[in-house]
Amino acid sequence: MNPIRKQRIYALIAIIVGSILAISLIISALSKNLNLFYSPTDLLNTDLSPDTLVRAGGMVREGSIERSDNSLSIEFIVTDFKNDLKIKYSGILPDLFSEKAGVVVQGYLEKKGIFRAIEVLAKHDENYMPPEVAKLMEQSK
């Protein structure tokens, strides 16, 4: 075989192997950072492992906020007006967090049906609602 042709074949094989490796690394990185959004109804009907990071959202039920007196722990209920989900969070809440407001929480669903939040996101202004929550609200009406 001609040495130039042999060199071109090796270069082509190296490019193909490099491309396959790059694509597999990108897919692996994207799948690890994938956060799925669930409504309380979806979470209660889905069998998730306790180590799966998910996002849940809905409206904070009126009268459900229970704050701890001696720590930053808080418990509240998020609803999609079909089912409720109890949220436990320890940390500083956004300034605009309140009852009857749209909220998205990120964390882990425990086996007892309690959601352990590691992050709480609240609306930005009086007209804002997360798109996922707005879509759920439209579906439930």
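Since we're looking at a predicted model, the values are computed, not measured. (Residues numbered from 1 in each chain as written. Predicted model: local features only at pLDDT ≥ 70, side-chain atom pairs only at ≥ 80, totals over all residues. Heavy atoms only, no water.)

1. A look at the overall build of the protein
And step 1. The helix and strand tally for the protein stands at three helices and seven strands.
And step 2. Counting every position in the protein, which comprises 141 residues, the buried fraction comes to 29%.
And step 3. Look at the contacts in the protein between residues 6 or more apart in sequence, and 52% of them connect residues 24 or more apart.
And step 4. Carbon and sulfur atoms make up 55% of the accessible area of the protein, which totals about 9,600 Å². (Helix = DSSP H or I, 4+ residues; strand = E, 2+ residues; numbered from the N terminus. Buried < 20%, exposed > 50% of the residue type's maximum accessible area, 1.4 Å probe, protein only. Contact = heavy atoms within 4.5 Å. Areas by Shrake-Rupley, 256 points an atom, 1.4 Å probe, with all protein chains shown as cover.)

2. Examining the packing of aromatic side chains
And step 1. Within the structure shown, the criterion is met by one aromatic pair.
And step 2. Pairing Phe76 with Phe97 gives two aromatic rings, centres 4.9 Å apart and planes at 65 degrees, and the pair type is edge-to-face. With Phe76 in strand E4 (residues 73–79) and Phe97 in the loop between strand E5 (84–90) and strand E6 (102–109), the pair connects residues that are 21 residues apart, well separated along the chain.
And step 3. Given the relative accessible area of 1%, Phe76 is considered buried. (Phe/Tyr/Trp six-rings, centres within 6.5 Å; stacked < 30°, edge-to-face > 60°.)

3. Examining the environment of Leu109
And step 1. Residue position: Leu109 is located in strand E6.
And step 2. In this structure Leu109 comes out as buried when scored by relative accessible area, which is 9%.

4. Brief notes about the nonpolar core
And step 1. Grouped together as the largest cluster of nonpolar side chains are 21 residues, with contacts concentrated most on Leu43, Phe76, Ile87, Phe97, Val105, Phe115 and Val120.
And step 2. Elements with a minimum of two residues in this core: strand E2 (54–60), E4, E5, E6 and strand E7 (114–122).
And step 3. Here this core takes four residues from E7, the largest share from any one element.
And step 4. In this view, Leu43 contacts Tyr38, Leu48, Val54, Ala56, Leu85, Leu109 and Phe115; residues no more than four positions away in its chain are not counted. (Core = buried A, V, L, I, M, F, W, Y, C linked by side-chain atoms within 4.5 Å.)

Interpretation in functional terms is not warranted from these geometric data alone.
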